[in-house]
Protein chains: 4
Amino acid sequence: MIIVLKPGASPEAAQNILARIADAGLKPLHMPGSERVVLGALGDERVLAGLSLEGDPSVESVKPVLAPYKLASRELHPYDTIVRIGGVAFGGAAFRVIAGPCAVESREQLRNSAAAVQRSGACALRAGAYKPRTSPYGFSGHGPEGLQILRDIGDETGLPVVTEIMDTADLDLVAEKADALQIGARNMQNFALLRAVGKSGKPVVLKRGMSARIEELLLAAEYLLAAGNDQVILCERGIRTFETATRNTLDLNAIPYLKQRSHLPVLVDPSHGTGIRDLVTPMALAAAACGADGILVEVHENPAAALSDGAQSLYPDQFQALMDSLAPIVRAVGRQL
Amino acid sequence: MIIVLKPGASPEAAQNILARIADAGLKPLHMPGSERVVLGALGDERVLAGLSLEGDPSVESVKPVLAPYKLASRELHPYDTIVRIGGVAFGGAAFRVIAGPCAVESREQLRNSAAAVQRSGACALRAGAYKPRTSPYGFSGHGPEGLQILRDIGDETGLPVVTEIMDTADLDLVAEKADALQIGARNMQNFALLRAVGKSGKPVVLKRGMSARIEELLLAAEYLLAAGNDQVILCERGIRTFETATRNTLDLNAIPYLKQRSHLPVLVDPSHGTGIRDLVTPMALAAAACGADGILVEVHENPAAALSDGAQSLYPDQFQALMDSLAPIVRAVGRQL
Amino acid sequence: MIIVLKPGASPEAAQNILARIADAGLKPLHMPGSERVVLGALGDERVLAGLSLEGDPSVESVKPVLAPYKLASRELHPYDTIVRIGGVAFGGAAFRVIAGPCAVESREQLRNSAAAVQRSGACALRAGAYKPRTSPYGFSGHGPEGLQILRDIGDETGLPVVTEIMDTADLDLVAEKADALQIGARNMQNFALLRAVGKSGKPVVLKRGMSARIEELLLAAEYLLAAGNDQVILCERGIRTFETATRNTLDLNAIPYLKQRSHLPVLVDPSHGTGIRDLVTPMALAAAACGADGILVEVHENPAAALSDGAQSLYPDQFQALMDSLAPIVRAVGRQL
Amino acid sequence: MIIVLKPGASPEAAQNILARIADAGLKPLHMPGSERVVLGALGDERVLAGLSLEGDPSVESVKPVLAPYKLASRELHPYDTIVRIGGVAFGGAAFRVIAGPCAVESREQLRNSAAAVQRSGACALRAGAYKPRTSPYGFSGHGPEGLQILRDIGDETGLPVVTEIMDTADLDLVAEKADALQIGARNMQNFALLRAVGKSGKPVVLKRGMSARIEELLLAAEYLLAAGNDQVILCERGIRTFETATRNTLDLNAIPYLKQRSHLPVLVDPSHGTGIRDLVTPMALAAAACGADGILVEVHENPAAALSDGAQSLYPDQFQALMDSLAPIVRAVGRQL
């Protein structure tokens, strides 16, 4: 329920209504705006109706939140949320580029890859210590040792680091070492993990599941938000379709759709979204053009030797070229790199 | 690698080869057959080649396992695996029916539903204490209390009980209370959960992910098998396609495809596979006709009042009718109920 | 609009209402049943409402047809339609098997293939003279010469023949030579072809498009029916999904869904629905179990030498085995072969 | 087969080889380049091999065309093809915008809509006289009368006109009235239509089928090219996936994929690709950013009153805003509007 207060409503009136909402066992929300105060109430619709808030003299209107995702919706929260990873703000005027190799393979490999992406203008470093692999016989990451290397390289370069969390049992360690947690496509509906990461309060990059509808992505985000974590970044990374020419079908329709309905920042991962190195740069430009807040790109010092995702990882000079061609597009949509 | 021994090869020769495999850091497998002994070796193909087992006098032939799933493949394990849940064998001549409500809602509801499915011939009881829900505001099950009710009703009726596990943190408790663990579609590639359940050794019903290719289902099973658990039942439950008339598209092609390539038992869930009550019985019959080892069906004492999946749950008399029409089909394919 | 007459309504009253419907520029339908007469009226809903038929003393009730497909719906036409190809009835108690090679390759090949399928119990012969091919460089059929061979072999064996029509320009010739026309998946929404075939009045086998929803298949059938042709058989032949293990995903959910909502006969094509010879028989059995009225199967005297679809064509002895295993399933569902 | 001639090869040598190719019953191709002459030969690979062209003294190398689409591939034709509709060139440095209503509804409606899109900078007018409709009861266009209105408004404004052709029987009339023919998604594999339009030589906009793989789109184009028509423009218009939030999933991955492999111009239709008015402009910008040669957009003088596709049609002022925001993106990728 969205409760819009009248223009001159006093802070006391707002507090009074919030208390009534809480007393009824519902979740109260306070959203002061520049022109008027908006309050929210989440919970059983029948209890909400029983409060008869429309009768309160300081209330202008009471209306339901139509979307099934409440906290993620712009209905309740019209202004863009800014999420901070390390010192870097996502969701504001700047277009952000997170880059790095698929996996932490060695200290040397990560140091070289990090230096390359930083030189070209990336604002954060990505690399996996825990890798989801379709086969139990694939390289599944170096685990805690990989995490430590990632932390060290983050400290050396000053780049905040983002890495995937796959199990609630690893949460404390990953949250200690990383600046932001990534929830991968295969875990988008791992609800236990969503709840745990929600409680951790760490910034999260939540990737869309391979067969998740956009609304399901927003409901997965709602799990994080409902657990008290508002530092959530959404990420489109391609969906699974009948097309076999590309690894996934990057669904850029989702970008304006999400930005129009949700206040959360939205990234695009053109590496997984295409699976083909030569398509990464054009799709990064398309992402910037249609309103994404940034991209997540795989860059490896030597993709031919990569232990995973080599075919979709950029060479450092290709990443430099991507950044060069991205700059005018970002300016064309009124943002900066 | 599959190592076929010569007809008269001695047990000592087999042990000797297994020891060489283990010494090289590889995983040895022993599969004595009625006609000849087959050994297996899993691990780095180059190390395997270095063993030069084809030169051993008791070896007839050495050939690679072509499938990416090794332990799940019939290449290494040509005979059907029988999985036992409680005293009930799956994968043999009998066609098995597991039935029950989507969720444990109350002791009364489960007792009535269990009595109904037992009366009609179900051999095991299903019901969820932990429910994966797309929205954080949906009913997500009664947790430990629900588990205890499920255990109690299982003991009262003598029906073995199957229930979903969603988080490694719940494993000890769920494994203590249930006769078999179910891994749901959304967790088919939750690799931490697969590894933990694999180590537990409990019988598992592994459901195909909504957008998982058949090969990926077999590779998910491979995680369980590689962790030491050979009590794995596969379950087709519908995939996500463009069709909106039904909740999912039940992919029965997968049944003969799986049975031809894997030795594991295969069930079909026509409730989730259609999402429409009136389609459940015809698709249950189709499943039996094309070679499934059984079905998993949602039955509720009163679907109209169900807290979840009401539209696809059968009424007790509909379930009785399903069993009645299933019997001649099961006989027609040379099996029994 | 469905107009149900009162039990004792006279034929004159029915004719009178039909005349009023026609006078208003609408399409009248007359459906006498064993218990009472049902009339139909198709056209602009506002004009229909203006007739105020509910006021007529012989009318019991007037209700809208809810489905967007009117003539194809059971709402207007509750009894099963029987379609006759040559002397063979589809949609009744018998389960029908149409078999033959993908294409007419030569007189010898078709004669041998026809003899084989007839020997095993097929009731009609299928073979293409015009073949839709993804590449312009593929074998696209022998055209008129192939048609004549098909007609001749049909006459020799007494089997009615079914063949694909791809272009309105070929309609006269194909309609003259074949006993039934097939509209292929790629042409399911070739509306000019649907209208022309509808006007021809020839029996039609209408295959579901690769990405057609079930409702769209029924609306394509509606084009045929609305053009005056009620001899329409629907055919599920697999849809396109992300699964790559099989050529298509056979959507058997569609069979009971269609049978419950439409009066038209429904066939299944397990050859295109799987694309893999070893899956054809199990899926044929599944089709019979879930309520299909028959199957359409590719059988070639020598699949290894087939010019098209060899991988999914059965050898004659495999087709004999299919028929042998089909018989008990067909009996189990209360039908005969 | 691609035959690269030596740098100094004489025109007579080239003609001689082309004659040998033709004499062998194969299709010869002549592609003079700025640096050296390339010849092509299409047909049976064994006959080609028998010519032993590598032995000719003026031949430098002979290599196969790897793609299944030969004439559409850059392997045989490395330079961009320019297609002219009226006086307007597609595939060159300019980014082209074709706009107009879904259907010709009336002379007034088309005149107003055409004036609006011309004012904002569209270079061609689109509108359908024959409309493919899922239901036989939908508005299917005004046919010949609509074509004449389209021709007249094209003449009044000077805008070349593009319209859909759905049946070979209409070809002469549509080809006489329109400047370019559109083959719609549902007819992408209507091979009779492709062959007829190929022979007509008229410029064609070929839309990707709803479930067509990119390679299948190129093979459909190959039908047109093989019939002698090189005036082919490809158009991505969204594919059918499980996502229901949007009408289709616009597959922009296809744009760079097509541009890298084929020499044909590529357009994007963001109207059908999204089905939602508010997503059209962002996806038009994305299309320009990732390398499309232009867009095809639905604009109606009053979308609320449109007989078809109203929800995805832009209001004239929204189209003006689209053009305004497109301009800087087009410049950013080094092209002009």
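Where an unreviewed UniProt entry is consulted, chain A appears under the name 3-deoxy-7-phosphoheptulonate synthase, with the organism given as Allosphingosinicella flava.

**Some remarks on the overall build of chain A**
Within chain A, the regular secondary structure consists of eleven helices and 14 strands. On the principal axes, the C-alpha backbone points of chain A span a range of 70 × 45 × 45 Å. Burial status across chain A gives 64% buried among its 337 residues. Here the analysis covers contacts within chain A between residues at least 6 apart in sequence; of these, 67% occur between residues at least 24 apart. When the accessible surface of chain A is split by element, carbon and sulfur atoms take 50% of a total near 11,200 Å². For chain A, the distance from the average position of its 33 positive side-chain charges to the average position of its 37 negative side-chain charges is 2 Å.

**Focus: the relation of the copies chain D and chain B**
Once chain D is rotated about the relating axis by 180° and shifted along it by 0.0 Å, it coincides with chain B to within an RMSD of 0.0 Å. The symmetry that links the two subunits is that of a two-fold axis. Taking C-alpha positions as reference, the residue of chain D nearest the rotation axis is D:F242, located at 2.1 Å. With an isologous cut-off of 70% or more, the 100% of interface residues of chain D that recur at the interface of chain B puts this contact in the isologous class.

**Digging into the relation of the copies chain A and chain D**
The relation between the two copies of this chain is a rotation about an axis and a shift parallel to it. Rotating chain A by 180° and moving it 0.0 Å along the rotation axis overlays it on chain D with an RMSD of 0.1 Å. Mapped onto chain D, 100% of the interface residues of chain A again fall at the interface, so both copies present the same surface.

**So, the interface of chain A and chain D**
Opposite the 38 residues of chain A that make contact, chain D presents 38 residues. Together, A:R213, A:F242 and A:N253 form the three largest contributors to the area buried by chain A at its contact with chain D, with a combined 23%. Viewed at the interface, chain D and chain A are joined by two salt bridges. For D:R208, the salt bridge identified is with A:E243, shortest N-O distance 2.7 Å. Seen at the junction of chain A and chain D, the total is twelve residue pairs in polar contact (both at pLDDT 80 or more). Those elements giving two or more residues to the side of chain A that touches chain D turn out to be α8 (254-261), α9 (270-274), α10 (277-289) and α11 (316-332) of chain A. Considering each element in turn, the side of chain A that touches chain D owes the most residues, seven residues, to α10(A). For the side of chain A that touches chain D, the class distribution of residues is 22 nonpolar, ten polar and six charged.

**A short note on the sheet that holds strand β2 (residues 27-32) of chain C**
Residue and element names in this part refer to chain C. Sheet architecture is open: four strands sit in the order β2-β3-β1-β4, paired in antiparallel fashion. Only two strands of the sheet have a single partner each, and these edge strands are β2 and β4 (59-63). Neighbour-to-neighbour, the strand axes of this sheet turn through a mean angle of 20°, independent of strand direction. Lying over the sheet, helix α1 (residues 11-23) contacts β1 (2-5), β2, β3 (37-42) and β4, oriented at roughly 155° with respect to β2.

**Observations regarding the domain arrangement of chain A**
All names here are of chain A. Split into domains, chain A comes out as domain 1 (2-63) and domain 2 (74-333). On a C-alpha basis, the centroid separation for the pair domain 1 and domain 2 is 37 Å. With eight residues of domain 1 at the contact, the number on the domain 2 side is four residues. For the domain 1 and domain 2 pair, buried surface summed over both sides reaches about 470 Å², with 71% attributable to carbon and sulfur atoms.

**Observations regarding the interface of chain D and chain B**
On the chain B side, the residues contacting the four residues of chain D number four residues. Both sides of the chain D and chain B interface together cover about 300 Å² of buried area, and 81% of this is carbon and sulfur. At the junction of chain D with chain B, the criterion picks out zero salt bridges. The tally of links from chain D across to chain B stands at zero residue pairs in polar contact (both at pLDDT 80 or more). Within the side of chain D that touches chain B, the residues separate by chemical class into one nonpolar, two polar and one charged.

**Regarding the sheet that holds strand β1 (residues 2-5) of chain B**
All names here are of chain B. Spatially, four strands are ordered β2-β3-β1-β4 in an open sheet, and the strand pairing comes out antiparallel. Strands at the two margins of the open sheet, each flanked by one partner only, are β2 (27-32) and β4 (59-63). Neighbouring strand axes in the sheet, compared pairwise and without regard to direction, differ in orientation by 20° on average. Strand direction decides the pairing type here: β1 and strand β3 (residues 37-42), joined by three bridges, are antiparallel. Paired with V4 across the two strands is V38, which belongs to β3. Here helix α1 (residues 11-23) sits on the sheet in contact with β1, β2, β3 and β4, set at roughly 155° to β2.

**Quick word on the packing of helix α8 (residues 254-261) of chain B against helix α10 (residues 277-289) of chain C**
Packing of α8(B) against α10(C) brings their axes to within 9 Å, and their N-to-C directions diverge by 130°. In terms of orientation, α8(B) lies oblique with respect to α10(C). In this structure, the crossing between α8(B) and α10(C) has a hand that is right-handed. Residues B:P256, B:Y257 and B:Q260 of α8(B) form the contact with α10(C), whose participating residues are C:D278, C:L279, C:P282 and C:M283. Here the residues of the contact of α8(B) with α10(C) are counted per class, giving five nonpolar, one polar and one charged.

**Some thoughts on the side chain of A:K259**
Structurally, A:K259 is set in helix α8. If near-sequence neighbours (up to four positions away) are discounted, A:K259 is found in contact with A:R74, A:L264, A:P265, A:V266, A:G291 and A:D293.

**What to know about unusual backbone geometry**
Among all residues except glycine, the phi angle is most often negative; among peptide bonds, the trans geometry is most common. The backbone of B:D309 shows a phi angle near 60°, a positive value even though the residue is not glycine. On the basis of relative accessible area, B:D309 is assigned to the buried category, the value being 18%.

**Considerations on the UniProt feature "domain: DAHP synthetase I/KDSA" (unreviewed entry) in chain A**
Residues annotated by UniProt as "domain: DAHP synthetase I/KDSA" (unreviewed entry) correspond here to residues 91-322 of chain A. Counting secondary structure, residues 91-322 of chain A comes out at 40% helix and 14% strand; the distance between its end C-alpha atoms is 21 Å.

**Concerning the environment of A:A284**
Residues and elements named next belong to chain A. Inspection of the secondary structure puts A284 in helix α10. With 41 residues separating them in the primary sequence, A284 and E243 have C-alpha atoms 20 Å apart. When near neighbours in sequence (up to four residues on either side) are disregarded, A284 contacts P270, I295, L322 and L326.

**Some remarks on the state of the cysteines**
For the structure on display, the rule yields zero disulfides over all chains. Take C:C123: it sits in no disulfide, and the sulfur closest to it among the cysteines is that of C:C235, at 13 Å. Of all cysteine sulfurs in the structure, the one in D:C235 sits closest to D:C102, which takes part in no disulfide; the separation is 14 Å.

Criteria and thresholds
Residues numbered from 1 in each chain as written. Chains lettered and ligands numbered in written order. Predicted model: local features only at pLDDT ≥ 70, side-chain atom pairs only at ≥ 80, totals over all residues. Heavy atoms only, no water. Helix = DSSP H or I, 4+ residues; strand = E, 2+ residues; numbered from the N terminus. Buried < 20%, exposed > 50% of the residue type's maximum accessible area, 1.4 Å probe, protein only. Contact = heavy atoms within 4.5 Å. Areas by Shrake-Rupley, 256 points an atom, 1.4 Å probe, with all protein chains shown as cover. Lys, Arg positive; Asp, Glu negative; His and termini not counted. Charge placed at Lys NZ, Arg CZ, Asp CG, Glu CD. Least-squares fit on C-alpha atoms with pLDDT ≥ 70 in both. Buried area = accessible area lost by both parts, 1.4 Å probe. Salt bridge = Lys/Arg side-chain N within 4 Å of Asp/Glu carboxyl O. Polar contact = N/O pair within 3.5 Å; in protein donor to acceptor, adjacent residues only side chain to side chain. Nonpolar A, V, L, I, M, F, W, Y, C, P; charged D, E, K, R; others polar. Pairing = 2+ DSSP bridges. Axes fitted to C-alpha atoms, helices over the stretch in contact; angles between N-to-C directions. Domains from an automatic or database assignment. Parallel < 35°, antiparallel > 145°, perpendicular 65-115°, else oblique. Left-handed = near helix turned anticlockwise from the far one by under 90°. UniProt positions renumbered as here; feature names shortened; annotations may be inferred. Disulfide = S-S within 2.5 Å.

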